[in-house]
Amino acid sequence: VRATGMRSLALVLVVDGFSSAALARVAVFPIALPGCTLLANPDNVGVVVPVAGEATSALTVPNVPALLGAVLHHQHVPIEVDLALNFQAISATNSLVLTLGNF
């Protein structure tokens, strides 16, 4: 997955989940930008650093029959920092909803 428009000084949380969420960021983090909502349940969270304004991530899904047809929610959550690594703002991308399998 590739998300663009990221600031150079940021850490990006990569959130994957098997269910959706609807958590307004501002309810948890006062520095969150208005309208930013966590849409993927955080079953798996990773961190990437944007390069040239792009944050890319990948998730390896095991080839097991139990996951066939499972729905996966994916979202990037940029956390902007200043030069002293103090949090400045938190936002969120739209989410992807994927059905696992070969159809």
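The following paragraphs examine the structure supplied in this document. (Residues numbered from 1 in each chain as written. Predicted model: local features only at pLDDT ≥ 70, side-chain atom pairs only at ≥ 80, totals over all residues. Heavy atoms only, no water.)

**Details of the nonpolar core**
Rule in force here: Nonpolar cores were defined as sets of buried Ala, Val, Leu, Ile, Met, Phe, Trp, Tyr and Cys residues, with membership established by side-chain atoms within 4.5 Å. Between buried and exposed lies partly exposed: a residue is buried under 20% and exposed over 50% of the maximum accessible area for its type, with that area taken using a 1.4 Å probe on protein chains only. A run of H or I in DSSP counts as a helix once it spans at least four residues, and a run of E counts as a strand once it spans at least two, with each numbered from the N terminus.
Of all hydrophobic cores here, the largest spans seven residues; its members are Val15, Ala32, Leu38, Ala40, Val77, Ile79 and Ile90. Looking at this core, the elements that each hand over two or more residues are strand E4 (37–40) and strand E7 (71–81). Of all hydrophobic cores here, the second largest spans six residues; its members include Ala3, Met6, Val12 and Ala55.

**Some points on the environment of Ser20**
Its place among the elements puts Ser20 in strand E3 (residues 20–24). Linking Ser20 and His73, residues 53 residues apart in sequence, is a C-alpha distance of 6.4 Å.

**Digging into the pairing of strand E8 (residues 87–90)**
This is how it is decided: We treat two strands as partners when DSSP finds at least two bridges between them.
As judged from the three bridges shared by E7 and E8, these two strands associate in the antiparallel manner. Among the inter-strand pairings, Ile79 is bridged to a residue of E8, identified as Ile90. Between the end of E7 and the start of E8, which pair antiparallel, lie five residues, with Leu85 showing a positive phi angle near 65 degrees.

**A word on the pattern of salt bridges**
Heads up, the condition is: What counts as a salt bridge is simple: a side-chain nitrogen of Lys or Arg found within 4 Å of a carboxyl oxygen of Asp or Glu.
Summed over all chains, the structure comprises two salt bridges. The partner of Glu54 in a salt bridge is Arg2, and the shortest N-O contact between them spans 3.1 Å. Pair noted here: Glu54 is in strand E6 (residues 54–56) and Arg2 is in strand E1 (residues 2–4), with a separation of 52 residues, a long-range link. With a relative accessible area of 55%, Arg2 lands in the exposed category. Among the ionic pairs, Arg7 bridges to Glu80, the shortest N-O distance being 3.4 Å. Taken as a pair, Arg7 in the loop between E1 and strand E2 (10–17) and Glu80 in strand E7 lie far apart in primary sequence, 73 residues in all.

**Section: the environment of Thr93**
Definition in use: In what follows, residue pairs with any heavy atoms lying within 4.5 Å of each other are defined as contacts.
By secondary structure assignment, the location of Thr93 is in the loop between E8 and strand E9 (96–99). Looking at Thr93, the relative accessible area reads 24%, which means it is partly exposed. Put simply, Thr93 and Ala52 are 41 residues apart on the chain and 17 Å apart in space, counted from C-alpha to C-alpha. Other than its neighbours up to four places away in sequence, Thr93 contacts Ala3, Met6, Gln75 and His76.

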